[in-house]
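In case you want the letters, here they are:
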Amino acid sequence: MFDALKSLASQIGDRRIEALFDENANRGPEFSLKAAGLFFDYSKTQLDEQIRAALLTLARERGLEARREAMFTGHPINETEGRAVLHTALRNLDGGPVHVDGEDVMPEVRETLSRMEGLAAEIRASDVTDVVNIGIGGSDLGPAMAYKALGPYCDGPRCHFVSNVDGADIADTLRGLDPETTLFIVASKTFTTIETMTNARTARAWLMDREVSPEGRFVALSSNQEKAAEWGIPPERTFGFADWVGGRYSMWGPIGLSLMIAMGGEAFRAFLRGGQEVDRHFEAAELHENLPVLLALVGIWHNQVLGHATRAVLPYDDRLARLPAYFQQLEMESNGKRVAMDGSDLPFDSGPVVWGEPGTNGQHAFYQLIHQGTRVIPCEFLLAARGHEQDLRHHHDLLIANCLAQSEALMRGRDLEEARGKVAGQFEGAELERQARHRVFPGNRPSVTLVYPQLTPEVLGKIVALYEHRVFVEGVILGINSFDQWGVELGKELANSLGPVVTGEADASGKDGSTRQLVDFVHLYRDGD
Ligand code: F6P
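It should be emphasised that the depicted structure is a prediction, and the values quoted were computed from it without experimental measurement. (Residues numbered from 1 in each chain as written. Predicted model: local features only at pLDDT ≥ 70, side-chain atom pairs only at ≥ 80, totals over all residues. Heavy atoms only, no water.)

(A) Molecular detail of the sheet that holds strand S7 (residues 182-187). Strand order in the open sheet formed by five strands is S6-S5-S7-S8-S9, and the pairing between neighbours is parallel. Lying at the two open borders of the sheet, with one neighbouring strand each, are strand S6 (158-162) and strand S9 (238-240). Taking each pair of neighbouring strands and ignoring which way they run, the sheet shows an average axis angle of 20°. Where strand S8 (residues 218-222) lies against S9, three bridges are found, and the strand directions are parallel. Bridge pairing in S9 places Ala 220 opposite Thr 238. This element, helix H9 (residues 194-209), spans strand S5 (130-134), S6, S7 and S8 of the sheet and lies at about 160° to S7. (Pairing = 2+ DSSP bridges. Helix = DSSP H or I, 4+ residues; strand = E, 2+ residues; numbered from the N terminus. Axes fitted to C-alpha atoms, helices over the stretch in contact; angles between N-to-C directions. Contact = heavy atoms within 4.5 Å.)

Structural data, given as structure tokens:
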């Protein structure tokens, strides 16, 4: 499937990205795109007109346009679970009806949103000082990422996020909180996730140990309202969402409640509006001027065609510190699949490993490898034109300069001649040569940059929706189902069977030699001295 592109890749040889700028004075504007108020520059890659055209042809041949329409119109494109994929309906603020099985889902979406606003307003006006969201994966990463990202807009109660079943997480979170003024949100689509239910029980016990009744102190966010009721959270404190909202796509609805409480209903609507704007763009724009499509095509080019197995997400925006973790779930749980939709083996690589940290911190940690390591790591920079700290504008100017410097350095590199010049005064002869070689940067390393005006709720909504659709486009091209996650099941099942082995209620005889010896060593220390 990638033959034509691989043949174009092999023709590139040692062509320098810089040479593409020399050949075409207009390369910047021709290989960038402004849409939905965002600016996406992909000119510092090896893409040329021919490669871009071949990528667009591939997207068309893989049926992207029809698949996109099928998603927005509620067809069951999550084919292994028989579900529609309609997180877009959650942000369809002023759009028309959206049908699933002949029924318009929008009245219920709107009703839930307004119930959320009612509760958020009530809590913001109450004596609640702290909100603890208990959830994991898609029921944690989105709101946790957004709460940090939108700090300047959060004027409500403090929010905390407990996800890990490691007791350290909840213990450290609860320490110092006042049980009389703390509200718990149990966020779980299934309401069966072991980590979340364990943490929720611990939270309830924490209240009761302090003689505070749990009544009225818990809210449930779940598709499984029956389980929430069994757990003791009444329907009026439960916010449901349909099975057509995937966990990692769910922060736009009830799973975003903590964020709404923190910043208020109006700001939350601005977040939804941003997402909706990108939906409209993605749905209507021709493929060649479609931001999520181009972002996805660059990803396919780097991963499946050139074989670069990872991509670094590098926000030059400290408040986006949790964005790489959020994208890890979004991208790797969606496109980390080894079989195609029809169950056949995928004849090419699945989606890439996604990782990253905010700049400039990453520069002083792992950028060494990005610049001089033997593997090429395509980088994705995110940058706000304007910070929130207007009294610290000189910080922001430095931040911008650093971000731009990195993409320039990755592209240009430094050749041996230039490196020799750097050390000429200090060394001579063979030592000069040796020292110079350590200072060579091969360059020609690809990066893309997404610039946005400022990290507002609306802009964050745009960024998240952009990447959601990017993942969708890549999934369509790869022919996989981006909306299931069977790969997390086996570990969960084995953890259940190992629980009694760890506690000593069952022996480890059925387990392999490695697991047995690990359990033996744990048992030496598990109960202390
Ligand atoms: O284990 C993976 C997963 O199913 C994710 O897809 C999901 O976001 C997370 O667990 C949490 O699930 P739930 O919201 O049902 O507790």
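From this point, things continue past the structure.
(B) Expanded view of the packing of aromatic side chains. One pass over the structure, following the stated rule, counts 19 aromatic pairs. Ring geometry for Phe 184 and Trp 206: centres 6.0 Å apart, planes at 85°, overall edge-to-face. Residue Phe 184 is located in strand S7, and its partner Trp 206 is located in helix H9; the two are separated by 22 residues in the primary sequence. Since its relative accessible area comes to 0%, Phe 184 is described here as buried. Relative to Phe 218, the ring of Phe 184 lies with its centre 5.3 Å away and its plane at 20°, an arrangement referred to as stacked. With a gap of 34 residues between them, Phe 184 in strand S7 and Phe 218 in strand S8 connect regions that are remote in the sequence. Take Phe 184 and Phe 218: they sit in the same class, and that class is buried. A network of ring pairs unites the aromatic residues Phe 72, Tyr 249, Phe 282, Phe 472 and Phe 483 as a single cluster. Between the NZ or CZ atom of Arg 204 and the centre of the ring of Trp 231, over which it lies, the distance is 4.0 Å. (Phe/Tyr/Trp six-rings, centres within 6.5 Å; stacked < 30°, edge-to-face > 60°. Buried < 20%, exposed > 50% of the residue type's maximum accessible area, 1.4 Å probe, protein only. Lys NZ or Arg CZ within 6 Å of the ring centre and 35° of its normal.)

(C) A negative patch on the surface, seen in detail. A cluster of acidic residues, Asp 101, Glu 103, Glu 108 and Glu 111, forms a negative patch at the surface. The residue Glu 111 is located in helix H6 (residues 106-125) in this model. Overall, Glu 111 belongs to the partly exposed group, its relative accessible area being 47%. (Patch = residues over 30% accessible without salt bridge, like charges linked within 9 Å, V, L, I, M, F, W, Y side chains within 5 Å. Areas by Shrake-Rupley, 256 points an atom, 1.4 Å probe, with all protein chains shown as cover. Salt bridge = Lys/Arg side-chain N within 4 Å of Asp/Glu carboxyl O. Lys, Arg positive; Asp, Glu negative; His and termini not counted. Charge placed at Lys NZ, Arg CZ, Asp CG, Glu CD.)

(D) Region of the structure containing the nonpolar core. Formed by 117 residues in total, the largest nonpolar core has its most connected members in Trp 244, Leu 257 and Leu 460. Element by element, the count of residues in this core is highest for helix H19 (residues 457-478), at 13 residues. For this core, the domains that each give at least three residues are domain 1 (3-61 + 285-412 + 446-484) and domain 2 (87-269). With near-sequence residues (within four places) excluded, Leu 460 lies in contact with Met 145, Ala 146, Ala 149, Leu 150, Phe 271, Leu 320 and Leu 455. (Core = buried A, V, L, I, M, F, W, Y, C linked by side-chain atoms within 4.5 Å. Domains from an automatic or database assignment.)

(E) Here's a closer look at the packing of helix H1 (residues 3-12) against helix H4 (residues 49-61). For the pair H1 and H4, interaxial distance at closest approach is 10 Å and the crossing angle is 165°. One element, H1, and the other, H4, form an angle in the roughly antiparallel class. The hand of the H1/H4 crossing is left-handed. Between H1 and H4, the residues in contact are Leu 5, Leu 8 and Ile 12 and Gln 50, Ile 51, Ala 54, Leu 55 and Leu 58, respectively. Taken together, the residues of the contact of H1 with H4 sort by class into seven nonpolar, one polar and no charged. (Parallel < 35°, antiparallel > 145°, perpendicular 65-115°, else oblique. Left-handed = near helix turned anticlockwise from the far one by under 90°. Nonpolar A, V, L, I, M, F, W, Y, C, P; charged D, E, K, R; others polar.)

(F) Quick peek at the pairing of strand S1 (residues 32-35). Pairing geometry for S1 and strand S2 (residues 38-41), over four bridges, is antiparallel. Considered in S2, the bridge of Lys 34 is made with Phe 39. The hairpin turn running from S1 into S2, its antiparallel successor, is two residues long, and Ala 36 in that turn takes a positive phi close to 50°.

(G) Inspection of the packing of helix H5 (residues 64-72) against H19 at higher detail. The N-to-C vectors of H5 and H19 enclose an angle of 130°; their axes lie 10 Å apart at closest approach. Here H19 runs oblique to H5, going by the angle between their axes. At the point where H5 passes H19, the crossing takes the right-handed sense. Contact with H5, carried on its side by Leu 64, Arg 67, Arg 68, Met 71 and Phe 72, involves His 469, Phe 472, Val 473 and Val 476 of H19 and no other residues of that element.

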